[in-house]
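Observations on the model geometry
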Amino acid sequence: MPQCVVGNLRQSSFMEIWQESELLGKLRSREFLEEACGSCKYKLVCGGCRARSLGYFNNFTAPDPGCIYNQKAWADLCSSDSFDLEDQKTSEPNMKPTIKSTKVRLKRSI
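Below: a short report on this structure. It should be emphasised that the depicted structure is a prediction, and the values quoted were computed from it without experimental measurement.

1. Considerations on the overall build of the protein chain
Secondary structure assignment for the protein chain yields 5 helices and 2 strands. Walking the protein chain from its N terminus toward its C terminus, one meets helices and strands in the order α-α-α-α-α-β-β. Counting all 110 residues of the protein chain, 22% fall into the buried class. As displayed, the protein chain offers around 8200 Å² of accessible surface, 53% of which is attributable to carbon and sulfur atoms.

Have a look at this one:
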């Protein structure tokens, strides 16, 4: 996952970073959303989860694969080589899938 740097609080105020950061501007704007999120009738009140888009697709403007209105992105993700649960089977309780590298790994939740 890429590092998202929006500014340096030692050099600029929070307000300056908030107003002048290109990345934060794109995150606030809905005009850069791609595919289903970009054309969704709820995009102005929702916009999808940008962190999930970044985590799954390495692109914060990509569609949110967790949205019920965006089943295509989830299906595409599940059919890709980067989503492989077959070699991660476990009988232990409290295990949740997480993305690590290009494979889904299981991580114990506390």
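2. Focus on the packing of aromatic side chains
Enumeration over the complete set of coordinates arrives at 2 aromatic pairs. Each ring, one from phenylalanine 14 and one from tryptophan 18, has its centre 6.2 Å from the other, and the planes form 20°; the classification is stacked. Taken together, the residues phenylalanine 14 and tryptophan 18, both in helix H1 (residues 14–20) and 4 residues apart, mark about one turn of the helix. Using a relative accessible area of 57% as the deciding quantity, one classes phenylalanine 14 as exposed. According to the relative accessible area criterion, tryptophan 18 is partly exposed, its value standing at 37%.

3. Examining unusual backbone geometry
For glutamate 35, which is not a glycine, the phi torsion comes out positive at approximately 45°. Using a relative accessible area of 54% as the deciding quantity, one classes glutamate 35 as exposed. At asparagine 58, a position not held by glycine, the phi torsion is positive, near 60°. Of note, asparagine 58 is situated in the loop between helix H4 (50–57) and helix H5 (71–79).

Rules used throughout
Residues numbered from 1 in each chain as written. Predicted model: local features only at pLDDT ≥ 70, side-chain atom pairs only at ≥ 80, totals over all residues. Heavy atoms only, no water. Helix = DSSP H or I, 4+ residues; strand = E, 2+ residues; numbered from the N terminus. Buried < 20%, exposed > 50% of the residue type's maximum accessible area, 1.4 Å probe, protein only. Areas by Shrake-Rupley, 256 points an atom, 1.4 Å probe, with all protein chains shown as cover. Phe/Tyr/Trp six-rings, centres within 6.5 Å; stacked < 30°, edge-to-face > 60°.

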